[in-house]
Amino acid sequence: MVSAFEWYGCLLLLTGVAGSVSQRTDPLVPPAPEYAHSIRLDGDIILGGLFPVHARGERGAPCGELKKEKGIHRLEAMLFAIDLINKDPDLLPNVTLGARILDTCSRDTYALEQSLTFVQALIERDSTDVRCTSGEQPIFAKPDKIIGVIGAAASSVSIMVANILRLFKIPQISYASTAPELSDNTRYDFFSRVVPPDSYQAQAMLDIVTAMGWNYVSTLASEGNYGESGVEAFVQISRESGGVCIAQSLKIPREPRLGEFDKIILRLLETPHARAIVMFANEDDIRRVLDAAKRNNQTGHFLWVGSDSWGSKISPVVQQESVAEGAITILPKRASIEAFDRYFKSRSLSNNRRNVWFAEFWEENFGCKLGMHGKRPGSPKKCTGLEKVGRDSTYEQEGKVQFVMDAVYAMAHALHRMHRDLCSGYPGLCPRMSNIDGKELLGYIRNVSFNGSAKTLVVFNENGDAPGRYDIYQYQITNGSAEYRIIGHWTDQLHLNMNAMQWASRDSSMPASVCSLPCQTGERKKVVKGVPCCWHCERCEGYHYQASEFTCQLCPYEQRPDQNRTSCQPIPIIKLEWHSPWAVVPVFIAILGILATTFVVVTFVRYNDTPIVRASGREMSYVLLTGIFLCYVTTFPMIAEPGVAVCSFRRIFLGLGMCFSYAALLTKTNRIHRIFEQGKQSVAAPRFISPASQLVITFSLISVQLMGVFVWFVADPPHTVVDYGEQRTQDPENARGVLKCDISDLSLICSLGYSILLMVTCTVYAIKTRGVPETFNEAKPIGFTMYTTCIIWLAFIPIFFGTAQSAERMYIQTTTLTVSLSLSASVSLGMLYMPKVYIIILHPEQNVPKRKRSFKAIVTAATMTNKLSQLASERPNGEIEIIEKKTFGLIFYYGSQPPGPPFPTRSNTQSKHTSKFNFRIPDIFRAKYSSRFPVFLTNEFT
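Given the structure is predicted, the values throughout are model-derived calculations rather than measurements.

## Observations concerning the sheet that holds strand β26 (residues 720-727)
Read across the sheet, 3 strands follow the order β25-β27-β26 without closing on themselves; strand pairing throughout is mixed. Edge strands, defined here as strands with exactly one partner in the open sheet, are β25 (573-574) and β26. Bridge count between β25 and strand β27 (residues 736-741): 2 bridges; the pairing is parallel. Within β27, the residue paired with I574 across the bridge is V738. Where helix α24 (residues 809-832) meets the sheet, it contacts β25, β26 and β27, and its direction lies at approximately 115° from that of β26.

This is the structure we're talking about:
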């Protein structure tokens, strides 16, 4: 017993009910009024009951209108369960359960005031200072000792009451309180419940929202423990899962002002994309929210997701069916108790006098008035008392009836096991149970396990919570008829029938409640800071692909994104095809060149001993023609598909053809230059001018190229590479990998550099020998050939290297190189050999031996002609004729002398003037002296 009468009095004053309690404990007050606002059933064991019989009052009134379903139905369910238990011979035999049932008026402070009734018997009363008006000692009515409480409904009420009951160790079992806060066993250790906590409910609602694809929602909660803790649990779980974002989290005040619900609707419309509204609100607030949405013409906009406080109740949606259509609600799994339906429909004013609120229910249910003291003074209809529930009024069993009965049965099963352990075989209450220990009874409550009124297992975990089992409803209107239909259930995981769902728009597609639409394939989400469910879609550009929902990554260098940009695929590999226009032209030119070169070679071989072939230097001509042939042939390995063999041929032939050609031409021009330079100093022939010497010099020059190629082979063996950078365009669709030989631009320059050096040197010698007689060893044709070749290669350099960044680089450079080689070969072939072939084939009469000129005469004539030209430009006109006569005399003299020493080709015994001196007389001499020396001044003379 708690010796705290002073504490009890102070608590009564704080709650504002000290007067009412004292009135109830006043011995002069008749017993009947003591229970005028409560129900009392006698019994061996008294259970307390807390039910929201009335709604919350307005304007300071503690209680409002009657709640028929949540109040009367639940209250009668407790009375009905007690009746069944008392009649059951196997459950608490010879023990009668009684009850003391109070009205909480849906207000936590009022419920706290009422619940003090349950602890009166546990408080010692000090009556020494209390006297009646007559001066006699007062006689206190003995209060009922409550061993356990059934209730309350609202979580805020249960929390308030649980804080009192735990002080007096009175176990409490709730049939409707679902706030997660009540699972705290350190604060609410004497609290248990037969309904699952909102943490399960919040998880189930989150699973529903996720299954719908709604990731951007708002929450709406009634102020108080139930609403606030439910929303808090939902927000916490959604934050942990990371799939749902909260747009707004609004709270409905306990005492809402006029227009408060319209403001709430307007606030929700500030985030129009968050159409889904998760509601943890009481029944009255739900009804007023729906009404405000209807007034603001938002029918069909909001997607309501209601907690078990909405469940399958009719009252929140009455006259608001259209705005509530499509609402998804959740309710602990339940079943309708047919026995209770029969019991409740049989209740009347005559057989249910124990329910002090039943007369008020009768008036409310049938819309009539009971006598002059009725609660409906404005009703014109009078009650006859013959009305029948379910016949003269609509009736539907309230959803929590099953849980009320399960809570009563849980208490009864705990008492039964306690009686079996403490009073084994003792009929009725044994002395050990005359004063039941609340903590001991709590242990029995937590260990009960039985099939409840709906044949579902009733158990409690260590926190006093029941397992989570929910039915999922949707409010649907079909052919003008509105009803709640079960569309799924939740037991640890969600089972939802999407095909059974129906929406106000009559559209089969799922309505959306998202902040941002899903990104298309190949786009990443750029999340808005602080709002993970809102994002901007950014396409993965360039060579990036969508690696994940939020990131783009660069494909490997040899790959590109696929069409959807969800993965990478190999870049197509290309090469120069034979049918490409870039290849057709060079191949056509090369084939013509090869045919022409072959024709020239065949002609030279056939007429190998003719004067023209012999005069052109047969050995060097064949070397030069070989180089020309190789220049044409190089086109084919340059265009062929790269491989080790092809790359090897490219390295060998790339500079070899030019090297053959220009080595031969350089040797020729060098020989001419040395001959005439030597002739300026003496008449002795220079060294190494014989055909054998010329071949040695030529192949020595060629060997340098071959040595360089050999070193290249050893240092870097030929192989193929795929160049992905050459055609790596900005648009990956056009990107291509180029299969090519591993020949860099630097290697190309080095390979051709030596041949170009020979070409430049040959050009220099061609310039130096440009003044020799026209017919002497093709000096001038060689000069023209080299000038043209230099122009070709000067044009090649900017074209080849200027297109290094072009997407068509491979085609342009290959074509440019092969065409340049072919043109160089064609110039040499056309200027040096085509005139000879022309004479050999078409004018064979010109291909006859000429008189041989003395080498001494040729060199002397050429030297003197050059000197004549120089002196003529420096002398006055009067002296030119004298110089011309002297020069002409020398020419005539040398031309008429037989060849002699130092040339060993003539013996001194040969005195006959049989040598021919074939010399072209300058035009200036022929014009002036033709009349005096007509025979001598012909083109040829002896």
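After that view, the rundown keeps rolling.
## Quick word on the UniProt feature "transmembrane region" (unreviewed entry) in the chain
Residues annotated by UniProt as "transmembrane region" (unreviewed entry) correspond here to residues 582-608, 620-639, 651-667, 746-767, 779-801 and 821-843. End-to-end, the C-alpha atoms of residues 582-608 are 39 Å apart, and along that stretch the chain is 93% helix and 0% strand. Here residues 821-843 runs as 91% helix and 0% strand, with 31 Å between its end C-alpha atoms.

## What about the sheet that holds strand β10 (residues 245-252)?
Sheet strands line up and pair through hydrogen bonds in the backbone, either parallel or antiparallel. Taken in spatial order, the 8 strands of this open sheet run β10-β9-β11-β12-β13-β16-β17-β18, and their pairing is mixed. Strand pairing shows two members of the sheet lacking a second neighbour, β10 and β18 (494-496), which therefore form its edges. Adjacent strand axes in the sheet meet at a mean angle of 25°, parallel and antiparallel pairs treated alike. Examined bridge by bridge, strand β11 (residues 276-280) and strand β12 (residues 303-306) share 4 bridges and lie parallel to one another. Note that in β12 the partner of I277 across the bridge is W304. Strand contacts of helix α10 (residues 283-295): β9 (216-222), β10, β11 and β12, with the helix running at about 180° to β12, the strand carrying the most contacts.

## Focus: a nonpolar patch on the surface
Residues F588, I591, L592 and L595 make up a contiguous nonpolar surface patch of roughly 400 Å² in combined accessible area. For I591, the position within the fold is in helix α16 (residues 581-606).

## Points about the pattern of salt bridges
Evaluated as defined, the whole model comprises 27 salt bridges. Between R187 and E181 there is a salt bridge, with the nearest N and O atoms lying 3.4 Å from each other. On the basis of relative accessibility, which here comes to 41%, the residue R187 falls in the partly exposed class. Look at E181 and you get partly exposed, because its relative accessible area is 25%. Note that D471 and K333 form a salt bridge whose closest N and O atoms lie 2.9 Å from each other. With D471 in strand β16 (residues 470-478) and K333 in the loop between β13 (328-332) and α12 (338-345), this residue pair connects regions lying 138 residues apart in the sequence. Shared partners join several salt bridges into a network, and the residues in it are R40, D42 and D144.

## Focus: the nonpolar core
Most often, soluble globular proteins have nonpolar side chains that are buried together. By size, the foremost hydrophobic cluster in this structure holds 68 residues, and its most contacted members are M78, L97, I173, F340, L415, M433 and L441. Residues contacting F340, with those up to four places away along its chain left out, are H73, E76, A77, F80, Y395, Q397 and V401. Among the nonpolar cores identified, the runner-up in size contains 49 residues, and F653, F660, I782 and V837 belong to it.

Definitions and cut-offs
Residues numbered from 1 in each chain as written. Predicted model: local features only at pLDDT ≥ 70, side-chain atom pairs only at ≥ 80, totals over all residues. Heavy atoms only, no water. Pairing = 2+ DSSP bridges. Helix = DSSP H or I, 4+ residues; strand = E, 2+ residues; numbered from the N terminus. Contact = heavy atoms within 4.5 Å. Axes fitted to C-alpha atoms, helices over the stretch in contact; angles between N-to-C directions. UniProt positions renumbered as here; feature names shortened; annotations may be inferred. Patch = residues over 30% accessible without salt bridge, like charges linked within 9 Å, V, L, I, M, F, W, Y side chains within 5 Å. Areas by Shrake-Rupley, 256 points an atom, 1.4 Å probe, with all protein chains shown as cover. Salt bridge = Lys/Arg side-chain N within 4 Å of Asp/Glu carboxyl O. Buried < 20%, exposed > 50% of the residue type's maximum accessible area, 1.4 Å probe, protein only. Core = buried A, V, L, I, M, F, W, Y, C linked by side-chain atoms within 4.5 Å.

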